[in-house]
Amino acid sequence: MIEVKELRRRFGPVVAVDGISFSVGKGQVLGLLGPNGAGKTTAMRMLACYIRPDSGTASVCGHDILQNPIEVRRSLGYLAENSPAYPEMTVGGFLNFICDVRQIKGKDRKTALDRIVPMCSIESVYHQTIETLSKGYKRRVGLAQALIHDPQVLILDEPTDGLDPNQKHDVRKLITEMGKDKCIVVSTHILEEVEAICSRTIIIARGKVLVDSTPKQLKEKHHASLDEIFRTITKMKTSVKCAV
Amino acid sequence: MNSFWAVFKRELKSYFATPLAYVFLVIFLFFAGYLTFSRQGFFEARQADMQPFFVNLPLLFIFMVPATAMRLWAEERKVGSIELLFTLPITITQAVIGKFLAAWAFLGIALALTFPMVITVAYLGDPDKGLIVTGYIGSFLMAGGFLAIGCFFSAVSKNQVIAFVLSVVACAVLVFAGMPTTLNYLSTFLPPGMVLAAKGISFQEHFESLQRGVVQFKDIAYFVFLIVGWVAACTVILDERKAS
């Protein structure tokens, strides 16, 4: 459902993404793992058609990110880092705005809201303004807007960053549940999260894919914890792509 | 509902969700009235016409319209909601037009709330209603022109104060370029053709024409080209800078 081919992007002299390629199918949860500044967010922003790649291409549900960006955005749900929203809006008003933009009307809208509000546990804050919410609730509202149109593809940028252990557990449980029949890409630098929810892992550093494997296969191959594997691979002087 | 109407509706509602709209409207209406009755000597003129009211508007708009426009894109970029907006299935053009029209509608509401002035003039005498209509049309178009400039500078800078200052300067140049004192000064060292050009690009020339009740194609075209040009420039700048 997601095909990425040699995406490249630089910002001035800084090469953020340097020729990454991977593919993700239905029922897979891909973890994009990497240190800060590795290029995870830039890669996700290109997939969500927020920024254009300098070269390379990708497709989401068969729609090319350069030729059909609107169709790509229609097919996927995207949760950006820090879950941006409009602070002066209420949660209900915000979700209705998202439905307006995604052209979910009438009975479909009511069904979508009735499904998503309990799924993301935001019933208690539905009439509260977003600026008054805690970080955990803001993240849940962000997830709700990404899921409201029931997309087949989800791209979640550090979805549990800054949440407390209980909130982390709830979000991971939701991702695992959805991962059964959706195609999900999650970026993180929390190694336990990769083990908890991801069926596949890509380790990115310095804009390049260093490893494309599964958490289990990585641990079996290197006979070490994911923490040690991550440190070894990302601190290597020359990047060597190891596909297992 | 077209996606752009969703942005329009959200944006217009957001003005009234915070004290912003009310503060702006009170200040605008206060100064519009104060300048008409006190500085322009409405009663002393002993004429039931709205000329003392309309003649203040360019100067008032130089400050009030950039104050409305400065938050249009600068705030989206600062809060991060621009990433949410441009990963929804909406084009940059639709979003820019939606926000611009919402701000213009808000300014239209501000102008509409000056209706007590019309009632006053109608009560005190027998004003030329056509002049009042063309005066309001000219004011609304001028507000749109200033707003388009403000919209551009709001996209140029993440900082609202910088966007405000740059818009005020640009709008002031376009207003004062047509003032008799400026034209007299320019005619001391510029050829007559260039002085005429300076007069032609000024707001004043075209607004005064509409105030006199003369609706000429060149005046409407001036405002239309001004608005379309600056809004198009805003779209281009946003596309370049949204991810920075």
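One numbering rule holds for all chains: residues counted from 1, following each sequence as written. Written order decides the labels, with chains lettered from A and ligands numbered from 1. Restriction of local features to residues with pLDDT of at least 70 applies here, the model being predicted, together with a cutoff of 80 or more for giving and counting side-chain atom pairs; totals for whole chains, interfaces and linings are based on all residues.

> Help me understand the overall build of chain A in this model?
For the purposes of this entry, the term helix denotes a DSSP run of H or I that reaches at least four residues, the term strand denotes a run of E that reaches at least two, and both are numbered from the N terminus. Within chain A, the secondary structure is distributed over nine helices and 11 strands. Taken over C-alpha atoms, the radius of gyration is set against a globule rule of 2.2 Å times the number of residues to the power 0.38. For chain A, the C-alpha radius of gyration of 18 Å lies close to 18 Å, the compact-globule estimate for 244 residues. In terms of overall dimensions, chain A has C-alpha extents of about 55 × 40 × 35 Å along its principal axes. For the exposure call, what matters is how many other C-beta atoms sit within 10 Å of a residue's own: 20 or more marks it buried, 12 or fewer exposed, and in between partly exposed, using C-beta atoms placed from the backbone. Taking all 244 residues of chain A together, 47% fall into the buried category. Here contacts are defined at the residue level, using C-beta atoms placed from the backbone and a cut-off of 7 Å between them. Counting contacts in chain A only where the partners sit at least 6 residues apart, residues at least 24 apart contribute 67% of the total.

> I tried to follow the overall build of chain B on my own but got confused; where do I start?
Within chain B one finds 15 helices and zero strands. The C-alpha atoms of chain B give a radius of gyration of 19 Å, which matches the 18 Å a tight globule of 244 residues would have. When the backbone C-alpha atoms are referred to their principal axes, chain B occupies close to 55 × 45 × 30 Å. Looking at the 244 residues of chain B, the share that counts as buried comes to 41%. Partitioning the intrachain contacts of chain B with sequence separation of at least 6 by distance along the chain shows that 81% fall at a separation of at least 24.

> What is the right way to look at the nonpolar core in this model?
A general tendency of soluble globular proteins is for nonpolar side chains to be buried together. Note on terminology: a nonpolar core is a set of buried residues of type Ala, Val, Leu, Ile, Met, Phe, Trp, Tyr or Cys, with members joined through C-beta atoms within 7 Å. If you look at the biggest cluster of nonpolar residues, it comprises 148 residues, and the most contacted ones within it are Leu47(A), Phe94(A), Ile155(A), Ile184(A), Leu147(B), Ala148(B) and Cys151(B). Among the elements that line this core, the one with the most residues is helix 10 (residues 129-156) of chain B, at 13 residues. Once residues lying within four places of it in the same chain are set aside, the contact partners of Leu47(A) are Ile2(A), Ala58(A), Val60(A), Ile65(A) and Ile155(A).

> I keep staring at the sheet that holds strand 4 (residues 55-60) of chain A and nothing clicks. Help me out?
Think of a sheet as strands paired side by side through backbone hydrogen bonds, with each pair either parallel or antiparallel. Residue and element names in this part refer to chain A. Note on pairing: DSSP must find at least two bridges between two strands before they are called paired. Here we have four strands laid out as an open sheet, ordered 2-1-4-5, and antiparallel in their pairing. Whereas interior strands pair on both sides, the edge strands pair on one side only; in this sheet they are strand 2 (14-24) and strand 5 (63-64). Across eight bridges, the pairing between strand 1 (residues 2-11) and strand 2 is antiparallel. Residue pairing across strands places Arg 8 opposite Asp 18, the latter belonging to strand 2. Axis definition: a line fitted to C-alpha atoms, limited for helices to the stretch in contact. Angles are taken between N-to-C directions and run from 0 to 180 degrees. Sheet strands touched by helix 1 (residues 40-47): strand 1, strand 2 and strand 4. Its angle to strand 1, the strand with the most contacts, is close to 120 degrees.

> Is there a simple way to explain the packing of helix 8 (residues 92-112) of chain B against helix 10 of chain B in this structure?
All names here are of chain B. At a closest axis distance of 10 Å, the pairing of helix 8 and helix 10 adopts a crossing angle of 140 degrees. Between helix 8 and helix 10, the interaxial angle falls into the category oblique. Read as a crossing pair, helix 8 and helix 10 show a hand that is right-handed. Judged by residue contacts, Phe 100, Ala 103, Trp 104, Leu 107, Gly 108 and Leu 111 of helix 8 engage Tyr 136, Ser 139, Phe 140, Ala 143, Gly 144, Leu 147, Ala 148 and Cys 151 from helix 10. Residue composition of the contact of helix 8 with helix 10, grouped by class: 11 nonpolar, three polar and no charged. Roughly parallel covers angles under 35 degrees, roughly antiparallel covers those over 145, roughly perpendicular covers 65 to 115, and oblique covers all other angles. The handedness criterion is simple: a crossing whose near helix is rotated anticlockwise from the far helix by less than a right angle is left-handed, and one whose near helix is rotated clockwise is right-handed. Each residue is assigned to one of three groups, with Ala, Val, Leu, Ile, Met, Phe, Trp, Tyr, Cys and Pro labelled nonpolar, Asp, Glu, Lys and Arg labelled charged, and all others, Gly among them, labelled polar.

> How should the interface of chain B and chain A be read in this particular structure?
As a measure of interface size, the accessible area lost when the parts come together is often cited. With 20 residues of chain B at the contact, the number on the chain A side is 21 residues. Listed by contribution, the elements that provide at least two residues to the side of chain B that touches chain A are helix 1 (3-17) and helix 7 (81-85) of chain B. Broken down by element, the side of chain B that touches chain A gets its largest block of residues, six residues, from helix 1 of chain B. In terms of residue class, the side of chain B that touches chain A is made up of 10 nonpolar, seven polar and three charged.

> Could you clarify how one ought to interpret the pairing of strand 6 (residues 76-79) of chain A in this entry?
The side chains of a regular strand alternate between both faces of the sheet. Residue and element names in this part refer to chain A. Here strand 6 shows no split at all, with Leu 76 and Tyr 78 on one side and Gly 77 and Leu 79 on the other all buried. As defined by bridge partners, strand 6 adjoins strand 7 (residues 153-157) across four bridges and the pair is classed as parallel. Note that in strand 7 the partner of Leu 76 across the bridge is Val 153.

> Quick question: what am I supposed to make of helix 5 (residues 57-69) of chain B here?
In an α-helix, one full turn covers 3.6 residues, which means residues spaced three or four apart are oriented alike. All names here are of chain B. To estimate the expected span of a helix, count its residues, drop one, and scale the result by 1.5 Å. Here helix 5 is 13 residues long and its end C-alpha atoms lie 17 Å apart, about the 18 Å a rise of 1.5 Å per residue gives. At any given residue, the bend is defined as the angle formed between two axes, one fitted to the seven residues that end at that position and one fitted to the seven that begin there. If you look at helix 5, its biggest bend is around 30 degrees, right at Phe 63, and the proline Pro 66 turns up within four residues after that. Where helix 5 is concerned, the buried positions are Leu 57, Pro 58, Phe 61, Ile 62, Met 64, Val 65, Pro 66, Thr 68 and Ala 69.

> Looking at this model, I keep getting lost on the environment of Lys168(A). Mind explaining?
Residue and element names in this part refer to chain A. You can see Lys 168 is positioned in helix 6 (residues 165-178). We classify Lys 168 as buried; it has 20 C-beta atoms within 10 Å. With 18 residues separating them in the primary sequence, Lys 168 and Val 186 have C-alpha atoms 13 Å apart. The contacts of Lys 168, once residues within four sequence positions are left out, are Thr 160 and Leu 163.

> Is there a simple way to think about unusual backbone geometry in this case?
Negative phi characterises most residues that are not glycine, and trans characterises most peptide bonds. Residues and elements named next belong to chain A. At Cys 61, a residue that is not glycine, the phi angle is positive and equals roughly 55 degrees. A count of 17 C-beta atoms within 10 Å places Cys 61 in the partly exposed class. Although it is not a glycine, Arg 206 sits at a positive phi angle of roughly 55 degrees. Of note, Arg 206 is situated in the loop between strand 9 (200-205) and strand 10 (208-213).

> It is not clear to me how the pairing of strand 9 of chain A should be interpreted in this structure. Could you clarify?
All names here are of chain A. Where burial is concerned, most of strand 9 is hidden: five out of the six residues are buried. Looking at chain direction, strand 3 (residues 29-33) and strand 9 are connected through four bridges and run parallel. Bridge pairing in strand 9 places Leu 33 opposite Ile 203. Sheet analysis places strand 9 next to strand 10, joined by five bridges and oriented antiparallel. Following the sheet pairing, Ile 203 is matched in strand 10 by Val 211. Joining the antiparallel neighbours strand 9 and strand 10 is a turn of two residues, in which Arg 206 adopts a positive phi near 55 degrees.

> Mind showing me how you'd approach the confidence of the model for chain B here?
Detailed conclusions should not be drawn from predicted coordinates in areas where pLDDT is low. All names here are of chain B. When the pLDDT values of chain B are averaged, the result is 89; 98% of them are 70 or greater. At the low end of the mean pLDDT range in chain B sits helix 3 (residues 42-45), at 76; at the high end sits helix 8, at 95. Note on the complex model: pTM 0.89, ipTM 0.87. Scored between 0 and 100, pLDDT is the confidence that the predictor attaches to each residue.

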